[in-house]
Number of protein chains: 2
Amino acid sequence: MATWSPNPLLLLTIIVTIAVISSPPSVALQPSGLPLFKRAPRFLGKYSHPIPTQLRQGYKYETKYFYQRLDHFSFLDLPKFRQRYLINTDYWVGPDRLGPIFLYCGNEGDIEWFAVNTGFLWEIAPRFGAMVVFPEHRYYGESMPLGSRDEAYRNASTLSYLTAEQALADFTVLITDLKRNLSAVDCPVVLFGGSYGGMLAAWMRIKYPHVAIGALAASAPILQFEDIVPPETFYDIVSNDFKRESISCFNTIKESWNAIVMEGLKENGLAQLTETFRMCRELNSTVALIDWLESAYSYLAMVDYPYPSAFMMPLPGHPIREVCRRIDNSPDWASIPERIFEGVSVYYNYTGKVGCFELDDDPHGLDGWNWQACTEMVMPMSSNKDSSMFRTYDYNYSAFREECWKKFKVDPRPRWITMQFGGHDIKTVLENFGSNIIFSNGLLDPWSGGSVLQNISESLVALITEEGAHHIDLRPSTPDDPHWLLEQRATEIKLIEGWISEYRQQKMKVISNI
Amino acid sequence: MATWSPNPLLLLTIIVTIAVISSPPSVALQPSGLPLFKRAPRFLGKYSHPIPTQLRQGYKYETKYFYQRLDHFSFLDLPKFRQRYLINTDYWVGPDRLGPIFLYCGNEGDIEWFAVNTGFLWEIAPRFGAMVVFPEHRYYGESMPLGSRDEAYRNASTLSYLTAEQALADFTVLITDLKRNLSAVDCPVVLFGGSYGGMLAAWMRIKYPHVAIGALAASAPILQFEDIVPPETFYDIVSNDFKRESISCFNTIKESWNAIVMEGLKENGLAQLTETFRMCRELNSTVALIDWLESAYSYLAMVDYPYPSAFMMPLPGHPIREVCRRIDNSPDWASIPERIFEGVSVYYNYTGKVGCFELDDDPHGLDGWNWQACTEMVMPMSSNKDSSMFRTYDYNYSAFREECWKKFKVDPRPRWITMQFGGHDIKTVLENFGSNIIFSNGLLDPWSGGSVLQNISESLVALITEEGAHHIDLRPSTPDDPHWLLEQRATEIKLIEGWISEYRQQKMKVISNI
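If you're wondering where the values come from, they're calculated on a predicted model, not measured in any experiment. (Residues numbered from 1 in each chain as written. Chains lettered and ligands numbered in written order. Predicted model: local features only at pLDDT ≥ 70, side-chain atom pairs only at ≥ 80, totals over all residues. Heavy atoms only, no water.)

1. A few points about the overall build of chain A
To keep things clear, this is the line we draw: Only DSSP runs of H or I reaching four residues or more are called helices, and only runs of E reaching two or more are called strands; each is numbered from the N terminus. Between buried and exposed lies partly exposed: a residue is buried under 20% and exposed over 50% of the maximum accessible area for its type, with that area taken using a 1.4 Å probe on protein chains only. Contacts are assigned to residue pairs with any non-hydrogen atoms lying within 4.5 Å of each other. Each accessible area is a Shrake-Rupley estimate made with a 1.4 Å probe; only the visible protein chains count as cover when residues are assessed.
In terms of regular secondary structure, chain A is built from 19 helices and eight strands. The proportion of buried residues among the 514 residues of chain A is 62%. Looking at chain A alone, contacts between residues at least 24 apart form 73% of all its contacts between residues at least 6 apart. For chain A, the exposed area adds up to about 19000 Å²; of that, 52% sits on carbon and sulfur atoms.

See below:
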């Protein structure tokens, strides 16, 4: 087991660059100049600074590679690709004692970034005597098919194997091979994942119950498809997160869209907005600015943690409270755009080190999550006139579809995820067909609205925290952890212990029957 | 609903041509001239005569078509293909009464042949008020991708989408669309299938529990993979079926292999064997003859029904008893090959109308099941020196692999099925993750050895009949049905009724909660 030492070259390679949601200029526009529809927010925001050395030093793992089939579900003779995975066996009690294997379902980014942001798994591994494995999701990080990112992302054909089903098959093939090589075929596998990774963990437990004995699916919006939950859910939750801190803050934001659009229509208005928002480049419309602001609010709701954190951006504890404090406490003479700028600076510039701001408006947008959103991960989103502080948007599937065609030459399959994994009427379906999944959610997290929030059965459990945000339970513990978070994690540990001990008892029974 | 009328043109098109297992001349040979390994027997034998008109007249259905994606698991832009399905809604009580949908999982052949050989489903549909749907399996019958059988079977690339996973996705997409179009989204789907179709039914219930509420998986050897059951199981059961009728019969067959090989080595020996076995063409080795005989015994064991039947061949009731009677009662002066000929004539010529026999030795063997056996459906088979009446064979994977490469330029994936569907330690896995599957088996059926023969839980039930053969429960009822068969079917009906009524209660609870 190689101990991690902060190698500057490696540090450079693990820089994660995940773009902020933004409407690229190519997006279909309404006559007003605003986008025709509201795209689903991403799970992860821009993260363009390397993992801090002190954060990384807490984690020890080996980096290994495994050759995977590009298509598990056909017998086409395609080139294999190298999947990266991180592994630590320091705490593992080994096969004789049926030592568990903790498998994190890698999501849409560099796996090292997820590894160092999933402290919970590392912290509990020793008490479980567990091996820790973090496989990277295909088409992300170093796990690129076809030799390079450029080749893998060349077109719809090369991207066509970037799907959740293929990723789950990757995890299954990897862990089956790994167990065989370690003579650990009988060792129980427990799945972990947050956000899209949490969806993968839940789906993997459902689709591959013979591979893993249970799953902790944190902030996994597996119901955010088709018409299972109302499309306005996400933005309503974001809006409520602001409203609960301050109604005047909520109202200022709600009024700001019109104020910004009006300002932009004035002579020199765009120049004025460019100055107000300290943009590095002159704005040529208000569309991208509005998107930049909307992104900030959505991400703030996701990471509205009760203590300072740097998950996506360095932020104070209760960051929405701080945003609203700044908006509300701006001097009386401040215009609405000026107030808004003060507020979002909490998100984009809490350290105060950013001199000017760049809008992300990648005209190609050919990143992995955009592809996934344009194929399987079709999550309808709208913004309600009354309950949302965002601009009003209806869900417009045909505009969305058109944009996907323009961007990737691909047709989305909006009904496929529920055909493959279910979702409709999930209680009835899983009540007597399924076990050992924890759906954990913090209700401040806008993704909680598309997650499982009610117990389905004794072993399909919903753990909810009123004050939690996006998979806070998976984060490393801090001295500032509130009591409800300590309790939530203790319950998770107890449930996982239950799965493992039940499994061991069953195994012993089988062995003693032989 | 169109009533069936025996259209001679249509009759012609539905001729099913499924080849008998046989070692094509290209198979790897031992120094003795015998094949290096024992290929897994097929589920279905040669069936080259049309469905008899009187059999067909009992079944009414419409024939329809549905456009399916060639690859459900990638976003490659491939041409869609037309899947055929048969449908009958005459008895269906409709969506308001949550009328059930009986879905037969089409297996490796023409779907009309399965429809008219699955009388049980048709007979019970009226009492359930059920709709009946028989979708055809891709790459079989009329459901050919790429425009024609020739194109679909051209090479490993064109065949690469012939997999069980794709077939299950076809069924899922079809039934989801059908239910939506009939405003029957809430109607419960019950799966049926026999043999490979039974495997598909069980796997579909396991992988798509949100699509179907239960499955009757008849004679489904889902454990006939890797090392889950001993490889000699199949031929041991066939052998026991003969032994139970007559030990001398078993011994004659066991001795016959050597006798035939010895005869073939004599001068004019092959000419003599050609005459003894009334072959249409002169034999040029004993390999194909031995294979022809082995096939007959395997199929006889599968269709060792207690009443006359014509499932694969027209046969008397208890056909093995009749084979053994003829072998044992041959005149004393008859040679072993002559006795054997008398015996297998029961299988190949019970009607007495066949003048001479053709060995099937298609040198290409490019049929669908051969492809499936060479890719996913890798079922290890051997023949044990002591317990089997067949020649002794070890399981030789590398010879098998080599043959697949020669034939299709494809590499088998012998571990894939269990990665995808499980199988190892199935009791522990499914005990608390699964429900509503009936595994029905007759113990005379050699495939029963690879099936689930023990109850897994209260709702994962193994129904066994000592005297049953290959999915006899799915066959049309006859006046000669023995009491154990009547009882088995009654239990199946009761279990299915239980699934449906439980489902309806859950639905009512959900509706009354709204």
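2. Considerations on the sheet that holds strand 8 (residues 460-465) of chain B
By definition, the strands of a sheet pair up through backbone hydrogen bonds, in either a parallel or an antiparallel sense. Residue and element names in this part refer to chain B. Operational definition: Pairing between two strands requires that DSSP report at least two bridges joining them. For helices, the axis comes from a line fit to the C-alpha atoms of the stretch in contact; other axes are also lines fit to C-alpha atoms, and the angle between any two N-to-C directions lies between 0 and 180 degrees.
The strand order 1-2-4-3-5-6-7-8 describes an open sheet built from eight strands, whose pairing is mixed. Edge positions in the sheet fall to strand 1 (62-68) and strand 8, since each of these pairs with one other strand and no more. On average, each strand axis in the sheet is tilted by 20 degrees relative to the strand beside it, whichever way the strands run. Alignment of strand 3 (residues 101-104) against strand 4 (residues 131-135), held across three bridges, turns out to be parallel. Counted as the bridge partner of Ile101 is Met131 from strand 4. Together, strand 3, strand 5 (189-194), strand 6 (214-218) and strand 7 (437-442) form the strand contacts of helix 8 (residues 196-207), whose direction differs from that of strand 5 by roughly 150 degrees.

3. Examining the side chain of Arg489(B)
Mapping Arg489(B) onto the fold places it in helix 19 (residues 483-513). Discounting chain neighbours no more than four positions away, the residues touching Arg489(B) are Phe120(B), Ile472(B), Asp473(B), Arg475(B), Pro476(B), Ser477(B) and Asp481(B).

4. Some details on helix 8 of chain B
Residues and elements named next belong to chain B. What counts is decided by this rule: By this rule the span expected of a helix is its residue count minus one, scaled by 1.5 Å.
The end-to-end C-alpha separation of helix 8 is 16 Å, in line with the 16 Å expected for twelve residues at 1.5 Å each. Burial analysis of helix 8 places twelve of its twelve residues in the buried class, the great majority of the element. All of the buried residues in helix 8 are Tyr196, Gly197, Gly198, Met199, Leu200, Ala201, Ala202, Trp203, Met204, Arg205, Ile206 and Lys207.

5. Observations concerning the packing of aromatic side chains
Spelled out, the test is: Each Phe, Tyr or Trp ring, with Trp reduced to its six-membered ring, pairs with another whose centre is within 6.5 Å; inter-plane angles below 30 degrees give stacked pairs, above 60 give edge-to-face pairs, and intermediate values give tilted ones. Two thresholds decide whether a charge sits over a ring: the Lys NZ or Arg CZ must be within 6 Å of the ring centre and within 35 degrees of the ring normal.
Taken as a whole and judged by the stated rule, the model has 66 aromatic pairs over all chains. Counting every residue linked through ring pairs, the aromatic cluster contains Tyr59(A), Tyr61(A), Tyr104(A), Trp113(A), Phe114(A), Trp122(A) and Phe134(A). The cationic tip of Lys207(A) hangs over the ring face of Tyr208(B); the distance from NZ or CZ to the ring centre is 3.9 Å. For the cation-ring pair, Lys243(A) lies above Phe250(A), with the distance from its terminal atom to the ring centre recorded as 4.6 Å.

6. Focus on the confidence of the model for chain A
Residues and elements named next belong to chain A. Where we set the bar: Values of pLDDT, which run from 0 to 100, indicate the predictor's confidence residue by residue.
Model confidence for chain A is summarised by a mean pLDDT of 90, while 89% of its residues fall at 70 or above. The model gives residues 1-28 a pLDDT under 50, and that stretch makes 76 contacts with residues more than four places away or in other chains. Per the prediction output, this complex has pTM 0.91; the corresponding ipTM is 0.90.

7. Description of the relation of the copies chain A and chain B
Just so we agree on the cut-off: C-alpha atoms of residues with pLDDT of at least 70 in both copies form the basis for the least-squares superposition of the copies.
Rotating chain A by 180 degrees and translating it 0.0 Å along the rotation axis places it on chain B, where the RMSD comes to 0.0 Å. The transformation relating the two chain copies, once decomposed into turn and shift, fits a two-fold axis. Counting the interface residues of chain A, we find that 100% of their copies in chain B are interface residues as well, pointing to one common contact surface.

8. Side note on the pattern of salt bridges
Residue and element names in this part refer to chain B. Heads up, the condition is: For this analysis, a salt bridge means a side-chain nitrogen from Lys or Arg found within 4 Å of a carboxyl oxygen belonging to Asp or Glu.
Scanning all chains against the criterion turns up 44 salt bridges over all chains. Between Arg154 and Glu151 there is a salt bridge; the shortest N-O distance is 2.5 Å. Owing to a relative accessible area of 31%, Glu151 belongs among the partly exposed residues under this scheme. Its salt-bridge partner being Glu245, residue Arg321 comes within 2.9 Å of it at the nearest N-O pair. Of this pair, Arg321 sits in helix 13 (residues 319-328) while Glu245 is found in helix 9 (residues 233-245), placing the two residues 76 residues apart along the sequence.

9. Notes on the nonpolar core
Here is a general trend for soluble globular proteins: nonpolar side chains tend to be buried in one another's company. Let me state the cut-off plainly: Each nonpolar core is a collection of buried residues, namely Ala, Val, Leu, Ile, Met, Phe, Trp, Tyr and Cys, held together in the definition by side-chain atoms within 4.5 Å.
Trp203(A), Phe242(A), Tyr297(A), Trp203(B), Phe242(B) and Tyr297(B) are the most contacted members of the largest nonpolar core, which totals 328 residues. Setting aside its immediate chain neighbours within four residues, Trp203(A) contacts Ala164(A), Leu168(A), Tyr208(A), Ile222(A), Phe225(A), Met377(A), Ile417(A) and Phe421(A).

10. Overview of the sheet that holds strand 5 (residues 189-194) of chain A
Residues and elements named next belong to chain A. In space, the eight strands of this open sheet follow the order 1-2-4-3-5-6-7-8, with mixed pairing throughout. Edge strands, defined here as strands with exactly one partner in the open sheet, are strand 1 (62-68) and strand 8 (460-465). For this sheet, the mean inter-axis angle between neighbouring strands, taken without regard to orientation, is 20 degrees. Here strand 2 (residues 81-88) runs beside strand 4 (residues 131-135); their pairing, made up of four bridges, is antiparallel. Bridge pairing in strand 4 links Ile87 to Val133.

11. Section: helix 12 (residues 287-302) of chain B
For the α-helix, the turn length of 3.6 residues means that residues three or four positions removed from each other point alike. For helix 12 of chain B, with 16 residues, the first-to-last C-alpha span of 23 Å sits near the 22 Å given by 1.5 Å per residue. With respect to burial, helix 12 of chain B is a largely interior element, 16 of its 16 residues being buried.

12. What to know about the interface of chain A and chain B
Stated formally: Two parts placed together each lose some accessible area under a 1.4 Å probe, and the buried area is that loss summed for both. Two N or O atoms form a polar contact when they lie within 3.5 Å of each other; inside protein one atom must be a possible hydrogen donor and the other a possible acceptor, and for residues adjacent in sequence the pair counts only when both atoms belong to side chains. Under this grouping Gly is polar, as are all residues other than the nonpolar Ala, Val, Leu, Ile, Met, Phe, Trp, Tyr, Cys and Pro and the charged Asp, Glu, Lys and Arg.
Taken together, the contacts link 52 residues of chain A with 52 residues of chain B. When chain A packs against chain B, the two sides together hide about 4500 Å² of surface, and 60% of this comes from carbon and sulfur. In this structure, Asp425(A) engages Lys507(B) in a salt bridge whose closest nitrogen and oxygen atoms are separated by 2.6 Å. At the boundary of chain A and chain B, one finds 21 residue pairs in polar contact (both at pLDDT 80 or more). Looking at the side of chain A that touches chain B, the elements that each hand over two or more residues are helix 7 (164-181), helix 8 (196-207), helix 15 (368-375), helix 17 (416-421), helix 18 (426-431) and helix 19 (483-513) of chain A. Looking at the side of chain A that touches chain B residue by residue, the class counts come to 18 nonpolar, 19 polar and 15 charged.

13. What to know about the state of the cysteines
Put simply, the rule reads: Disulfides are defined as cysteine sulfur pairs within 2.5 Å.
Counted according to the given criterion, the structure contains six disulfides over all chains. Covalent S-S linkage joins Cys249(B) and Cys324(B), the inter-sulfur distance amounting to 2.1 Å. Looking along the S-S bond of the Cys249(B)-Cys324(B) disulfide, the torsion reads about -65 degrees, which is the left-handed sense. Separated by 75 residues along the polypeptide, Cys249(B) in helix 10 (residues 247-265) and Cys324(B) in helix 13 bring together distant segments of the chain. One disulfide bridge connects Cys374(B) with Cys404(B), the sulfur atoms lying 2.0 Å from each other. One disulfide, between Cys374(B) and Cys404(B), carries an S-S torsion of -80 degrees and so falls in the left-handed class. You can see Cys374(B) sitting in helix 15 (residues 368-375) and its partner Cys404(B) sitting in helix 16 (residues 397-408), a full 30 residues away along the chain. Here Cys404(B) falls in the buried class, since its relative accessible area comes to 0%. For chain A, numbering the cysteines in disulfides from first to last along the sequence yields the connectivity 1-3, 2-4, 5-6. We note that Cys105(A) lacks a disulfide partner, and the nearest cysteine sulfur, in Cys187(A), lies 18 Å from it.

14. Notes on unusual backbone geometry
One non-glycine residue with positive phi stands out, namely Ser219(A), at about 50 degrees. Positionally, Ser219(A) belongs in the loop between strand 6 (214-218) and helix 9 (233-245). Take Ser219(A): its relative accessible area is 1%, and that puts it in the buried class. Of note in the backbone geometry, His471(B) takes a positive phi value of approximately 30 degrees without being a glycine.

15. Section: the environment of Leu178(A)
Residues and elements named next belong to chain A. Note on placement: Leu178 falls in helix 7. The class for Leu178 is buried, based on a relative accessible area of 10%. Residues within four places of Leu178 in sequence aside, it is in contact with Tyr85, Ile87 and Val133.

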